[in-house]
Amino acid sequence: MKGLLTLENIGVNKVQEIIDLALEFKKGKKSVRYPNLKMATLFFEDSTRTNYSFQSAMLNLGITPISFNAKMSSVNKGESLYDTVKTFENIGFDGVVIRHPQNRYFDELTGITKMPVFNGGDGSGSHPTQTLLDLVTIYEEFGRFKGLKICIIGDIAHSRVAHGNAEIMKRLGMEVFISGPDFFVDDTAEVISIDRAVAEMDIIMLLRVQFERHKDAMGMNTNEYHQRYGLTKFRVERLKENAIIMHPAPFNRGVEISSDAVEHKRSRINEQMTNGVYARMAVISMTLEGKL
Ligand code: CP
């Protein structure tokens, strides 16, 4: 299937090509247009950034974006994802972006459509364009990956961002660590304390506590979580020199990250959102050019 479903089988040279193209788009050094194409965003889970930055990327490329409203669609009459995607192909769409709560929902679509499919996040599986925009942001800041130390902090176990990020970051030569309470960490990487992370890491990446996926499972209130595992106002002033703060957002201010950290001069959270548009332009464009 054309498009981008995961980064598992994408080599590091291709990843670098996507990053370079995204930064060319950002600097205005490259402009391509695909007039007369239309693509749809099919979101079966809530989203602000991914849905609308994909649409912004399409508009920048001259592609007409259409939002699919799952709550007002024939999904409510029992129509399957397979039949929904086939419908979009049959009525003339040139690609779809899908976010779905089921891990690897795209396996059931293999071979059924000629349209490119872009994964906007599958369950706790992966979120490849989020990973790419994170890499664009890191590369823009440091100009390299090799040797950089990153700690991904928080709800690793339920995160579609953490696992995909750790996998490709290791392949790119970064040293990856994780941090959080026992019930949020797994064997993705070595577990370290947040205080060690703050002192030693080049990149601190906080993850949202996904209350909607594990109500009350934390066994502590949000203030206690913030003090024990969060990037507090106190900790943010102890960051290693030139370290940056990242978060895929949306964030819970005062839970995994303090407002002071969100607004801090070392925060790159706004840049991540901006870079999402350029990373998605690069992915769509390379797909349409047969390079992905
Ligand atoms: N980072 C991210 O995926 O945000 P949305 O859920 O708003 O798309």
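Just above, that's the structure.
Parameters at a glance
Residues numbered from 1 in each chain as written. Predicted model: local features only at pLDDT ≥ 70, side-chain atom pairs only at ≥ 80, totals over all residues. Heavy atoms only, no water. Core = buried A, V, L, I, M, F, W, Y, C linked by side-chain atoms within 4.5 Å. Buried < 20%, exposed > 50% of the residue type's maximum accessible area, 1.4 Å probe, protein only. Helix = DSSP H or I, 4+ residues; strand = E, 2+ residues; numbered from the N terminus. Contact = heavy atoms within 4.5 Å. Axes fitted to C-alpha atoms, helices over the stretch in contact; angles between N-to-C directions. Parallel < 35°, antiparallel > 145°, perpendicular 65-115°, else oblique. Left-handed = near helix turned anticlockwise from the far one by under 90°. Pairing = 2+ DSSP bridges. Phe/Tyr/Trp six-rings, centres within 6.5 Å; stacked < 30°, edge-to-face > 60°. Lys NZ or Arg CZ within 6 Å of the ring centre and 35° of its normal. Salt bridge = Lys/Arg side-chain N within 4 Å of Asp/Glu carboxyl O.

K.L.:
I'm lost on the nonpolar core in this one. Help?
P.N.:
Nonpolar side chains tend toward joint burial in soluble globular proteins. With 55 residues, the main nonpolar core has Ile152 and Ile284 as its most contacted residues. Looking at this core element by element, the count peaks at 8 residues for helix H10 (residues 269-288). Filtering out sequence-adjacent residues up to four positions away, Ile152 remains in contact with Ala162, Asn165, Ala166, Val176, Phe177, Ile178, Ser179, Met205 and Leu207. Membership of the second largest hydrophobic core comes to 19 residues, among which are Ile153, Ile192, Leu206 and Ala261.

K.L.:
What is the right way to look at the packing of helix H2 (residues 49-60) against H10 in this model?
P.N.:
Two packed helices can be described by the angle between their axes and the distance between those axes. Contact geometry for H2 and H10: axes closest at 8 Å, N-to-C directions at 55 degrees. Taken together, H2 and H10 sit at an angle that is classed as oblique. Note that H2 runs across H10; the crossing there is right-handed. For the pair formed by H2 and H10, the contact residues are Arg49, Thr50, Ser53, Phe54, Ser56, Ala57, Met58 and Asn60 on the first element and Met273, Gly276, Val277, Arg280, Met281 and Ile284 on the second.

K.L.:
Looking at this structure, how should I read the sheet that holds strand E10 (residues 244-246)?
P.N.:
Backbone hydrogen bonds hold the strands of a sheet together, and the pairing may be parallel or antiparallel. Pairing is parallel across the open sheet formed by 5 strands, whose spatial order is E8-E7-E6-E9-E10. Of all the strands in the sheet, the pair left with one neighbour each is strand E8 (190-191) and E10. Sitting on the sheet, helix H5 (residues 160-171) touches strand E6 (149-153), strand E7 (175-179) and strand E9 (203-206), and the angle it makes with E6 is about 170 degrees.

K.L.:
Can you help me understand the packing of aromatic side chains in this one?
P.N.:
For any pair of aromatic rings, the description rests on two quantities: the centre-to-centre distance and the angle between the ring planes. For the structure shown, the criterion picks out 9 aromatic pairs. Each ring, one from Phe88 and one from Phe93, has its centre 5.0 Å from the other, and the planes form 65 degrees; the classification is edge-to-face. Here the aromatic rings of Tyr105 and Phe106 are separated by 5.2 Å at their centres, their planes lie at 75 degrees, and the arrangement is edge-to-face. Among the aromatic residues, those joined into a cluster by ring pairs are Phe44, Phe68, Phe88 and Phe93. We note Lys38 situated over the ring of Phe93; from NZ or CZ to the ring centre the distance is 5.8 Å. Across from the ring centre of Phe234, 3.5 Å away, lies the NZ or CZ of Arg238, which sits over that ring.

K.L.:
Help me understand the pattern of salt bridges in this model?
P.N.:
Two side chains carrying opposite charge are able to pair once their charged atoms lie near each other. Following the criterion strictly, the structure yields 15 salt bridges and no others. A salt bridge links Asp107 to Arg104, with the nearest nitrogen and oxygen atoms 3.0 Å apart. Residue Arg235 pairs with Asp195 through a salt bridge whose shortest N-O separation is 2.9 Å. Of the two residues, Arg235 sits in helix H8 (residues 233-236) while Asp195 sits in helix H6 (residues 194-200), which places them 40 residues apart along the sequence.

Purely geometric stuff here, so don't read any function into it on its own.
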